[in-house]
Each structure stands twice: as C-alpha cells, then as structure tokens.
Amino acid sequence: MKASLRILNLEDNADDAELNEAMISARWPHCEFIRVDTRKDFIEALEQDRLDLILSDYTMAGFNGLEALKLSREKCPQIPFLFVSGTIGEDTAIEALKNGATDYVLKHRLMRLIPAVDRALRETEDRAERERAEQSMRESEHKYREVFECLGDAAFLADEKTGKIIDTNRCAEKMLGCGRAEILGHKLSQILAVLDKAGAADMAPFECTMACADGTVMPVRVRTTKLTLHGHPLVLRLCHELVGD
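Computed from a predicted structure; not experimentally measured.

J.: Residues and numbers for the overall build of the chain, please.
T.: Helix and strand counts for the chain stand at nine helices and 12 strands. Taking 2.2 N^0.38 as the reference for a compact globule, 245 residues should give roughly 18 Å; the C-alpha atoms of the chain span a radius of gyration of 30 Å, well beyond that estimate. Counting all 245 residues of the chain, 40% fall into the buried class. Within the chain, contacts between residues separated by at least 24 positions form 51% of all contacts whose residues are at least 6 apart in sequence. For the chain, the accessible surface area stands at approximately 13900 Å², while carbon and sulfur atoms represent 52% of it.

Here it is, written out as structure tokens:
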C-alpha cells in the first residue's frame, strides 16, 4: 500500500472538500489533493495520469457525478472512483456501481470514507498484481510454445492421471502423418505401444514403437519428464526416431 496518495476530488463545496482531505490525511498523511469543480478542470486532471484515487460529489451545478464517472472510466479505468455525496440515493448508487464506480460514501457518514478508500486501494493493488501475474504467464506460455514447437523430437504432453494428450508439436504431426486435432485427446498408450508396461512409470529412457496414422509403426526412443502446470500433474514424452542399423 502506498504511503502517499495523489487524489482528485471533484467537489464544488470547499468545506466538504476540506473535510474529505482531513479525513483521508488522518490515515495517509502525505497526500496530494487536487480539487476541481468543472468539467474542463476534471478532464485536465484525468489526463495527467498520475492519480491514485478519484473522489466525486454526485450533484453539482453544470456537471454531475455520473458524467464524471463515465469520463474517468474512459480515460483511466484502473483508478478507483468513489462517490462522496449527500444526495445520492440507494438506487442511483447501485446503478453507479454497475457502471464502474468502486464505492460510495454518504457525507453524513464520512467515517466510512477511510475503510472505503482502504478497500478500494487494496482491490486495485490486487487487480494489478493479478494482471502482472497473468501477463507473466502469457509471456511464459509464449516462450514455452516457441521452444515446444522447435523441438527436434515428437513431443506429447499428457495428463498424468488420464494419459490423455493435451498438447503436441509439429515434429509429432510429421512423424505420425496426421494433424494436431487428430492427436489431441487420444491416450499416449494408443500411440506409444508399451506405455502400460514397465516403461510407463519409469523415468529412464526406453524404446518402443509409435503407431502412425497410415497403420505403420516406427521404432522410437522415449525420454520422460514429469511436471506440474497450474496445479495439474503432467507427463512430457519426447520421442526420437530410431534409425535401423
């Protein structure tokens, strides 16, 4: 959690803005408050793109909170947006939440502001962390795919419990003489002849035959690796064609 915050406060009542600042400063003493009360100034503040939080009144002369919410979701949707209002009704508040508001606090219950802000900031941090993790996972999967496809051996990634193939590579398609869609979903034992014998559970390399799509068989040497992906135990079989003496 940040020790200091940069907060945009859309509020046309200076006294109410001071109350908001005093309340939040009690919890986060090193805060920068930017108070605006017009549409133009609000948009300019949004475009600076260095905000941690947006507070907004609901009813103002010439500009309203719903319009402010829409603008903020368009320009900086990742920034939490809280209504701090004395006039927002329950139905309107629910509608605002559906349209992207993070929370709302009634002015006569301003003690709720600190926990509401705290919760909003934590949710934003959690979401950012999830997005970073997802991006890292996508990058890892992309690298895995590049390496997997470029392997010189036929690769079969299978669920350890069911034995069903969940991924394969171009070399496997070429060796088997069929497309990926015809391979996925089959059990390894349908393609590699001895997987239900001693070699199946042994991590040491072993030799067996590979059943090709045209009915022929190909002698191969198999190397095995066990791994876990997203909590699921998997088996990777790398099959290298054995050239006859």
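J.: Explain the sheet that holds strand β3 (residues 53-56) to me, using residue names and the numbers behind them.
T.: Strand order in this open sheet of five strands is β2-β1-β3-β6-β7, and the pairing throughout is parallel. Bordering the open sheet on either side are β2 (30-36) and β7 (103-106), each of which pairs with just one other strand. When the angles between neighbouring strand axes are averaged without regard to direction, this sheet yields 20 degrees. Relative to β3, strand β1 (residues 4-10) is paired through four bridges, and the arrangement is parallel. Opposite Leu 8, over in β3, you have Ile 54 as the bridge partner. Taken strand by strand, helix α3 (residues 65-75) contacts β1, β3 and β6 (81-85), and its axis lies near 165 degrees from that of β6.

J.: Break down α3 for me, with residues and values.
T.: Of all the positions in α3, only Gly 65, Ala 68, Leu 69, Leu 71, Ser 72 and Arg 73 are classed as buried. Between the side-chain oxygen of the N-cap and the backbone nitrogen of Leu 66 there are 3.0 Å, and the N-cap of α3 in question is Asn 64.

J.: Describe the state of the cysteines, and please don't skip the residues or the numbers.
T.: Tallied over the entire structure, the rule returns zero disulfides. Cysteine Cys 171 is unpaired, with the sulfur of Cys 239 as its nearest cysteine sulfur at 9.2 Å. When its relative accessible area of 16% is taken as the criterion, Cys 171 is described as buried. Among the cysteines around Cys 208, which has no disulfide bond, Cys 239 carries the closest sulfur, lying 6.2 Å off.

J.: Quick rundown of the pattern of salt bridges? Include the residues and the values.
T.: Taken as a whole and assessed by the stated rule, the structure comprises 21 salt bridges. Here Arg 221 and Glu 207 are joined by a salt bridge, their closest N and O atoms 3.5 Å apart. Of this pair, Arg 221 sits in strand β11 (residues 217-229) while Glu 207 sits in strand β10 (residues 206-211), and the two are 14 residues apart along the sequence. Ionic contacts of the salt-bridge type, sharing partners, join the residues Arg 145, Glu 149, Asp 167, Arg 170, Glu 173 and Arg 180 into one network.

J.: If you had to explain the packing of helix α2 (residues 39-47) against α3 to someone new, which residues and values would you point to?
T.: Across the interface, α2 lies against α3 with an axial gap of 10 Å and an inter-helix angle of 25 degrees. By the angle between their directions, the pair α2 and α3 is classed as roughly parallel. Helix-helix and strand crossings are classified by hand; for α2 and α3 the assignment is right-handed. Contact residues: α2 offers Arg 39, Phe 42, Ile 43, Leu 46 and Glu 47, while α3 offers Glu 67, Ala 68, Leu 71, Ser 72 and Lys 75. Of the residues in the contact of α2 with α3, the class split is five nonpolar, one polar and four charged.

Thresholds, definitions, all that
Residues numbered from 1 in each chain as written. Predicted model: local features only at pLDDT ≥ 70, side-chain atom pairs only at ≥ 80, totals over all residues. Heavy atoms only, no water. Helix = DSSP H or I, 4+ residues; strand = E, 2+ residues; numbered from the N terminus. Rg over C-alpha atoms; globule rule 2.2 N^0.38 Å. Buried < 20%, exposed > 50% of the residue type's maximum accessible area, 1.4 Å probe, protein only. Contact = heavy atoms within 4.5 Å. Areas by Shrake-Rupley, 256 points an atom, 1.4 Å probe, with all protein chains shown as cover. Pairing = 2+ DSSP bridges. Axes fitted to C-alpha atoms, helices over the stretch in contact; angles between N-to-C directions. Polar contact = N/O pair within 3.5 Å; in protein donor to acceptor, adjacent residues only side chain to side chain. Disulfide = S-S within 2.5 Å. Salt bridge = Lys/Arg side-chain N within 4 Å of Asp/Glu carboxyl O. Parallel < 35°, antiparallel > 145°, perpendicular 65-115°, else oblique. Left-handed = near helix turned anticlockwise from the far one by under 90°. Nonpolar A, V, L, I, M, F, W, Y, C, P; charged D, E, K, R; others polar.

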